[in-house]
There are 2 protein chains.
Amino acid sequence: MKINKNYLKLKKNYLFTTITQKVQDFKASNPQREVISLGIGDVTLPLAPVVVDALRHAVDEMGHASTFRGYGDEQGYPFLRRAVCGYYAGKGVTLDDSEIFISDGANSDLGNILDLFADDNTVLIPDPVYPVYVDANIMAGREIIYMDGNAGNGFLPLPDKKADIIYLCSPNNPTGATYSRAQLKMWVDFAMENDALILFDSAYEAFVQDDALPTSIYQIENAKECAIEISSFSKMAGFTGTRCGYTVVPNALVRDGAALNPLWYRRQTTKFNGAPYIIQRGAGAVFTPEGFSQVKANIAYYMKNAKFISDTLHGLGIWHTGGENAPYVWLKCPKGMGSWDFFDVLLGEANVVGAPGVGFGAKGEGFFRLSAFAEHEKVSKAMEKVKKFL
Amino acid sequence: MKINKNYLKLKKNYLFTTITQKVQDFKASNPQREVISLGIGDVTLPLAPVVVDALRHAVDEMGHASTFRGYGDEQGYPFLRRAVCGYYAGKGVTLDDSEIFISDGANSDLGNILDLFADDNTVLIPDPVYPVYVDANIMAGREIIYMDGNAGNGFLPLPDKKADIIYLCSPNNPTGATYSRAQLKMWVDFAMENDALILFDSAYEAFVQDDALPTSIYQIENAKECAIEISSFSKMAGFTGTRCGYTVVPNALVRDGAALNPLWYRRQTTKFNGAPYIIQRGAGAVFTPEGFSQVKANIAYYMKNAKFISDTLHGLGIWHTGGENAPYVWLKCPKGMGSWDFFDVLLGEANVVGAPGVGFGAKGEGFFRLSAFAEHEKVSKAMEKVKKFL
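As a starting point, this report considers the structure included with it.

Parameters and conventions
Residues numbered from 1 in each chain as written. Chains lettered and ligands numbered in written order. Predicted model: local features only at pLDDT ≥ 70, side-chain atom pairs only at ≥ 80, totals over all residues. Heavy atoms only, no water. Helix = DSSP H or I, 4+ residues; strand = E, 2+ residues; numbered from the N terminus. Rg over C-alpha atoms; globule rule 2.2 N^0.38 Å. Buried < 20%, exposed > 50% of the residue type's maximum accessible area, 1.4 Å probe, protein only. Contact = heavy atoms within 4.5 Å. Areas by Shrake-Rupley, 256 points an atom, 1.4 Å probe, with all protein chains shown as cover. Lys, Arg positive; Asp, Glu negative; His and termini not counted. Charge placed at Lys NZ, Arg CZ, Asp CG, Glu CD. Buried area = accessible area lost by both parts, 1.4 Å probe. Salt bridge = Lys/Arg side-chain N within 4 Å of Asp/Glu carboxyl O. Least-squares fit on C-alpha atoms with pLDDT ≥ 70 in both. Core = buried A, V, L, I, M, F, W, Y, C linked by side-chain atoms within 4.5 Å. Expected span 1.5 Å × (residues − 1). Arc of directions from axis to C-beta. Axes fitted to C-alpha atoms, helices over the stretch in contact; angles between N-to-C directions. Parallel < 35°, antiparallel > 145°, perpendicular 65-115°, else oblique. Left-handed = near helix turned anticlockwise from the far one by under 90°. Pairing = 2+ DSSP bridges. Disulfide = S-S within 2.5 Å.

Below, the discussion takes up the overall build of chain A. Along its length, chain A carries 11 helices and 15 strands. Here the C-alpha radius of gyration of chain A, 21 Å, is about what a compact globule of 390 residues would show, namely 21 Å. Overall size of chain A, expressed as C-alpha extent along the three principal axes, is 55 × 50 × 50 Å. Counting every position in chain A, which comprises 390 residues, the buried fraction comes to 63%. Across chain A, the fraction of contacts at a sequence separation of at least 24, relative to all contacts at a separation of at least 6, is 71%. Accessible surface computed for chain A: about 13,900 Å², of which carbon and sulfur atoms make up 52%. Put simply, chain A has 38 plus and 43 minus side-chain charges, and the middle of one group is 5 Å from the middle of the other.

This is the structure we're talking about:
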């Protein structure tokens, strides 16, 4: 029997393991110092009260024969799919229930969606980017073409290299940079002209503050004919440990003579059995007026952090992007330092932890990510220390 | 861009869609008749009280900053992995935490595990069987070799054809037949001799009543060197809508020069982000003394149904298997009828719904599955009607 040899081509990704080890070592040698982490992109605020209520109610339902739920609707419960459609209607995008697939989070679908496509398609991936896009395609043995993010293009590369599958993430992880409508239109036009497919990761869409910026690729004309959108409640509603998301596969999306919606339906009904009923009820509560208001307050809390980080760096004259429409700030390491050198110095001198940019791709070298997901007091204290140190 | 053409080779599986349509039509024409469904293999009893309590407690934790949980441990929370190890210890099987991967149910892993293996491996699959094994391998373009289940071998085929990957399901869905230790040993020996890998689906292991029968493949010598076991809380604890399971990839399992445990770890950390914290807490409660006792009571409830169905068929002189160590009874359609003919007659005359065996594979033609997951009163009423009709 033969294993999938592509797995042997994967680079070991030690980013967060190495960060954790270095922080542990530092704390062991400096037990008196308070270390503040702006490293990992995980939320800290608890679930919104309206979500907790809905979860609790659903748990109660599962404990009584008359309200117990077994296998759920295959694409997700209609109440949640309809709520997602309503959310899109608020963005000016009309979707049908049948185009929504409830998932256990964006991460699974960003990888699993590739099942639908031949392994000899080429894939265009921004560098730096969320490492899952790269690894999932290495596993399938696909040729990966990188598009360079850099300070010159504000880490928002535009079409110049052809490929069959194009990953876009906006607002971007790790750079926090966000495509404008005009820029996304260039991508949609490019995909239409080249018979390519865009996989649009909109996991951070709820952090967009500027009304002129798109929060869904379907706000761009023709996108339903060339794009799949993959999103999540993880960052929008603090569901990183609660696990729910959704994927939109428009009925109008046809490639290589096949409608992709029924293919994905078949994939998911074969290799997935849906998100838990309890969790889907929690996610549904996000889309009530009370839910919106509560999760928006949480997002505002994080965005206050992001602004504070961005303002501090601005005051220090440090080039950076993100922080305005995303919970990440992406900065150029001062004095031409490498990503890991800056990590060590920042930890040693300011006792602040961030994520070295090179961990997100070769073009991230010399850059650094700070996350806005910590408590206000910690972010404020961290920025004081950064100011003193720089 | 090219789609994965293997998807076009999938046969449309209309089994449960057709059943639903036929039942709807019958009810519309016969509104006065009470139709009893022993068709779909979904549980009906609510979650055990101790599970509900654990879920409720975890929901509360998610609502407070001090107890909130974001991203969880990548293979699943240690409390749950340790509890699974404890469960196996009770079967006489020693496993390490690192060998357990918590999933969102057996269904996902039964398909996704195939990512680790080359597409040109051959696959041996019993016929009839749970349709996911076949469809997931068609999607990958693998050559499928079928092993025939029939009344002669009690629907428990033994090794005679070579293949790289072997799917076994015991107790079996749909036949309810359960391999003995001696039979499973033949499979393990065969896999060891032929460098093959067994994917052992033990989703129904908790229904085994006969202590002499194996409930895990690891109860067979050498199995850790040739088998992956995939299991679920779906039937054991009524989690079909709650979604949690586990997969065991032993550290001793090496194929084609590669240890499979780190490969699966890499797959899951790339394309999966874990089961929800809340749900893992619910699953953990199953393994407490109180939890065991409550889920065992539920299983006993279903097994009483199974015995009642089996006894009725026995009284009628109808050949069948299952029902003793599994919640399914698999019967030979009377008078040489085909599966769908018997479905129509049973619905029309006795107003009872079952699942035509041919829906689980060509060798299921002429057979029929009855599920024991309904309420006692319904099963008892259904058997009265069957007795009258036959």
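On to the interface of chain B and chain A, then. Contacts between the two partners involve 75 residues from chain B and, on the opposite side, 75 residues from chain A. Taken over both partners, the interface formed by chain B and chain A buries close to 6,200 Å², and the fraction arising from carbon and sulfur atoms is 57%. It is M1(B), Y71(B) and R266(B) that lose the most area in chain B upon contact with chain A, and together they represent 14% of the buried surface on that side. Applying the counting criterion to the chain B and chain A interface returns 8 salt bridges.

For the rest of this paragraph, the subject is the relation of the copies chain B and chain A. One copy of the chain maps onto the other through a rotation about an axis plus a displacement along that axis. When chain B is fitted onto chain A, the two copies agree to an RMSD of 0.0 Å after a turn of 180° and an axial shift of 0.0 Å. Viewed as a symmetry operation, the transformation between the two copies matches a two-fold axis. Residue R56(B) of chain B places its C-alpha closer to the rotation axis than any other residue of that unit, at 3.1 Å. When the interface residues of chain B are mapped onto chain A, 100% of them again fall at the interface, so both copies present the same face.

Moving on to the pattern of salt bridges. Overall, the coordinates contain 34 salt bridges over all chains when judged by the stated rule. For K22(A), the salt bridge identified is with D344(A), shortest N-O distance 2.9 Å. Separated by 322 residues along the polypeptide, K22(A) in helix α1 (residues 15-29) and D344(A) in helix α10 (residues 339-350) bring together distant segments of the chain. Taking the shortest distance from any N to any O, the salt bridge between K271(B) and D115(B) comes out at 2.9 Å. Of the two residues, K271(B) sits in helix α7 (residues 260-271) while D115(B) sits in the loop between α4 (106-112) and β3 (122-127), which places them 156 residues apart along the sequence. Under the relative-accessibility criterion, K271(B) is labelled buried at 6%. One continuous salt-bridge network, built from bridges that share partners, spans D53(A), R56(A) and D60(B).

With that settled, the discussion passes to unusual backbone geometry. All names here are of chain B. Look at the link from S170 to P171: it is a cis peptide, with omega at -10°. With respect to the element layout, P171 can be found in the loop between β5 (165-169) and α6 (181-194). In this chain, N173 is followed by P174 through a cis amide linkage whose omega measures 20°. Position of P174 relative to the elements: it lies in the loop between β5 and α6. The phi dihedral of N222 is positive, around 75°, even though this residue is not glycine. Tracing the backbone shows N222 in the loop between β6 (197-201) and β7 (227-232). Given a relative accessible area of 35%, N222 falls into the partly exposed group.

Further remarks concern the nonpolar core. Counting 148 residues, the largest nonpolar core has I198(A), F233(A), F239(A), I198(B), F233(B) and F239(B) as the members making the most contacts within it. Leaving out residues up to four positions away in the same chain, F233(A) has contacts with L80(A), G238(A), F239(A), C244(A), G245(A), Y246(A), A283(A), V286(A) and F287(A). In terms of nonpolar packing, the next biggest core, distinct from the first, is built from 68 residues, L197(A), I230(A), A258(A) and M139(B) among them.

Here we take up helix α11 (residues 376-389) of chain B. All names here are of chain B. Taking 1.5 Å as the rise per residue, α11 with 14 residues should run 20 Å; its terminal C-alpha atoms sit 20 Å apart, in good agreement. Residues of α11 that are buried: H376, V379, A382, M383 and V386. Projected down its long axis, α11 shows its buried positions confined to an angular sector of 130°, all on one face. Turned more than 90 degrees off the buried face of α11, the exposed positions are E377 and K388.

Moving on: the environment of V129(A). Residues and elements named next belong to chain A. Mapped onto the elements of the fold, V129 is located in the loop between β3 (122-127) and α5 (132-139). With relative accessibility at 2%, the residue V129 sits in the buried group. As for V129 and F155, which are separated by 26 residues in sequence, their C-alpha atoms are 9.8 Å apart. Once residues within four sequence positions are removed from consideration, V129 is found in contact with N172, N173, P174 and F360.

Further remarks concern the packing of helix α1 (residues 15-29) of chain B against helix α10 (residues 339-350) of chain B. All names here are of chain B. Contact geometry for α1 and α10: axes closest at 11 Å, N-to-C directions at 30°. Here α10 runs roughly parallel to α1, going by the angle between their axes. Read as a crossing pair, α1 and α10 show a hand that is right-handed. Every residue of α10 that contacts α1 at L15, T18, I19, K22, V23 and F26 is listed here: W340, F343, D344, L347 and G348.

Another aspect to go through is the sheet that holds strand β11 (residues 320-322) of chain B. Residue and element names in this part refer to chain B. Taken together, 4 strands build an open sheet; the order of strands is β11-β12-β15-β14 and the sheet is antiparallel. Either end of the sheet is taken by a strand with one partner, and the two such strands are β11 and β14 (355-356). Where strand β12 (residues 328-332) meets strand β15 (residues 367-371), 5 bridges bridge the pair, whose relative direction is antiparallel. Across the sheet, the residue bridging to K332 is F367, located in β15.

This part covers the pairing of β15(B). All names here are of chain B. Extensive coverage of β15 is indicated by the burial of 5 of its 5 residues. Where burial is concerned, the two faces of β15 agree: the one with F367, R369 and S371 and the one with F368 and L370 are both buried. Where β14 and β15 come together, 2 bridges link them in antiparallel fashion. Within the sheet, the bridge partner assigned to P356 lies in β15 and is F368.

Okay, α10(B) next. All names here are of chain B. With 12 residues, α10 extends 16 Å from end C-alpha to end C-alpha; this agrees with the ideal 16 Å at 1.5 Å per step. Within α10, burial applies to S339, F342, F343, L346, L347 and A350. Viewed along the axis of α10, the buried residues span an arc of 130°, placing them on a single side of the element. Residues of α10 that are buried sit in contact with α1, β12, β13 (352-353), β14, β15 and α11.

Here we come to the state of the cysteines. All names here are of chain B. The full count for this structure, using the stated rule, is 0 disulfides over all chains. Not engaged in a disulfide, the cysteine C244 finds its nearest cysteine sulfur in C85; these two sulfurs lie 14 Å apart. With a relative accessible area of 0%, C244 lands in the buried category.

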